[in-house]
Amino acid sequence: MGDEKKPKPAAGVWPTVKPFVNGGASGMLATCVIQPIDMIKVRIQLGQGSAAQVTTTMLKNEGVAAFYKGLSAGLLRQATYTTARLGSFKILTSKAIEANDGKPLPLYQKALCGLTAGAIGATVGSPADLALIRMQADATLPAAQRRNYTNAFHALYRIVADEGVLALWKGAGPTVVRAMALNMGMLASYDQSVEFFRDSVGLGEAATVLSASSVSGFFAAACSLPFDYVKTQIQKMQPDAEGKYPYTGSMDCAVKTFKAGGPFKFYTGFPVYCVRIAPHVMMTWIFLNQIQKLQKSYGL
């Protein structure tokens, strides 16, 4: 009896950890491909022009390497944020399905799981997200105001040294809200679309993943861009000569943005944002699917 019980703890650890490992790995692989588009999106939101103008200016003034500035922070963000959100979503939906007697979850329950997973992931990943935004925005600042971070860990060290530990969660409020909106759109619509394309339409595995990923990518972008815009403005703001920040918080930023440009101001850069979100979502799910197949082939 003793020999039978020894393997059980080890066997129980991997199924619990696996969703988190798989989620982080798939997110990091997708980020390596998407980083240049993400860089362009941030520059557009900072008011440097259209996608074509930003791309031309970056190539001319900074070279190809500029498109990968902040990659270390992007990877760190995926290692924290995506690991936590995809892992949490898998755990939450599995528990919910058990409570539902093994039946597929209704859309609203998937949305609630997505909201919760997004909040957990954003809280864990907020420091890396702040480092990423600052590294990407640094080149747009006047030379005297640039922070000149060399990598993500240097950025985190400088933020703690200059502004205190709590500054790592600067803008965490809008980050969490944005993540909740994005993951509600992304995760719930993906699961729902998989069921539809696989069970109702009868598509194969690859076509199902691609189709469902496209749907979830669109809803992730549409639900999250207004919050992403506010989050970016909060995280990249700097005090003026009198030490006063342009916004007192996310609500103040949202109100001032609405007054200045109306509701469509929140959708600045939507085409590029959607192009960035949808492929990242698609590749994340494709990588995740391939990782799971590989693990299955090895009996993991």
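No experiment lies behind these values; they were computed from the predicted model shown.

**What about the overall build of the chain?**
Thought 1: Secondary structure assignment for the chain yields 10 helices and 0 strands.
Thought 2: Across its three principal directions, the C-alpha atoms of the chain cover 70 × 45 × 35 Å.
Thought 3: Buried residues in the chain amount to 45% of all 300 residues.
Thought 4: For the chain, restricting intrachain contacts to residue pairs at least 6 apart in sequence, the fraction spanning at least 24 positions comes to 78%.
Thought 5: Accessible surface, the chain: about 14700 Å² in total, of which carbon and sulfur atoms supply 66%.
Thought 6: The chain carries 30 positive and 18 negative side-chain charges, and their two centres are separated by 3 Å.

**As for the UniProt feature "repeat: Solcar" (unreviewed entry) in the chain**
Thought 1: In the numbering used here, UniProt assigns the feature "repeat: Solcar" (unreviewed entry) to residues 14-95, 105-196 and 204-294.
Thought 2: For residues 105-196, the helix share is 74%, the strand share is 0%, and the end-to-end C-alpha distance is 13 Å.
Thought 3: The distance separating the terminal C-alpha atoms of residues 204-294 is 18 Å; by composition the span is 76% helix and 0% strand.

**A closer look at the state of the cysteines**
Thought 1: A full pass over the atoms with the stated rule returns 0 disulfides.
Thought 2: Take Cys 274: it sits in no disulfide, and the sulfur closest to it among the cysteines is that of Cys 223, at 11 Å.

**Quick notes on the environment of Met 251**
Thought 1: Residue position: Met 251 is located in helix H9 (residues 250-261).
Thought 2: Each C-alpha atom, one on Met 251 and one on Ala 181, is 16 Å from the other, the two residues being 70 residues apart in sequence.

**Regarding the packing of aromatic side chains**
Thought 1: Applying the stated criterion across every chain, the model contains 5 aromatic pairs.
Thought 2: Considering the side-chain rings of Tyr 190 and Trp 285, the 3.8 Å spacing of their centres and the 5° angle between planes classify their relative orientation as stacked. Note that Tyr 190 is positioned in helix H7 (residues 172-201) and Trp 285 in helix H10 (residues 270-297), a separation of 95 residues in sequence. Here Tyr 190 matches Trp 285 in class, with each residue buried.

**A closer look at unusual backbone geometry**
Thought 1: One non-glycine residue, Asp 101, adopts positive backbone phi at about 60°.
Thought 2: Its place among the elements puts Asp 101 in the loop between helix H4 (71-99) and helix H5 (107-137).

**Topic: H4**
Thought 1: With 29 residues, H4 extends 40 Å between its outermost C-alpha atoms, agreeing within 8% with the 42 Å of an ideal straight helix rising 1.5 Å per residue.
Thought 2: Just beyond H4, the residue with positive phi is Asp 101, at close to 60°.

**Details of H9**
Thought 1: Here H9 spans 16 Å end to end across 12 residues, near enough to the 16 Å set by a 1.5 Å rise per residue.
Thought 2: Within the sequence span of H9, burial applies to Cys 253, Ala 254 and Thr 257. One face of H9 carries all of its buried residues, which in axial projection span an arc of 100°. Among the exposed residues of H9, those oriented more than 90 degrees off its buried face are Met 251 and Lys 259.
Thought 3: Next to the buried residues of H9 lie helix H8 (205-236).
Thought 4: Directly beyond the C-terminal end of H9, a positive phi value near 80° is found at Gly 262.

**Regarding the packing of H5 against H8**
In helix packing, the relevant descriptors are the interaxial angle and the interaxial distance, both defined with respect to the helix axes.
Thought 1: Axis separation between H5 and H8 bottoms out at 10 Å; the angle between their running directions is 75°. The pairing of H5 with H8 is recorded here as roughly perpendicular in orientation. Residues Asp 129, Leu 130, Ile 133, Arg 134 and Ala 137 of H5 form the contact with H8, whose own contacting residues are Lys 231, Thr 232, Gln 235 and Lys 236.

Rules used in this analysis
- Residues numbered from 1 in each chain as written.
- Predicted model: local features only at pLDDT ≥ 70, side-chain atom pairs only at ≥ 80, totals over all residues.
- Heavy atoms only, no water.
- Helix = DSSP H or I, 4+ residues; strand = E, 2+ residues; numbered from the N terminus.
- Buried < 20%, exposed > 50% of the residue type's maximum accessible area, 1.4 Å probe, protein only.
- Contact = heavy atoms within 4.5 Å.
- Areas by Shrake-Rupley, 256 points an atom, 1.4 Å probe, with all protein chains shown as cover.
- Lys, Arg positive; Asp, Glu negative; His and termini not counted.
- Charge placed at Lys NZ, Arg CZ, Asp CG, Glu CD.
- UniProt positions renumbered as here; feature names shortened; annotations may be inferred.
- Disulfide = S-S within 2.5 Å.
- Phe/Tyr/Trp six-rings, centres within 6.5 Å; stacked < 30°, edge-to-face > 60°.
- Expected span 1.5 Å × (residues − 1).
- Arc of directions from axis to C-beta.
- Axes fitted to C-alpha atoms, helices over the stretch in contact; angles between N-to-C directions.
- Parallel < 35°, antiparallel > 145°, perpendicular 65-115°, else oblique.

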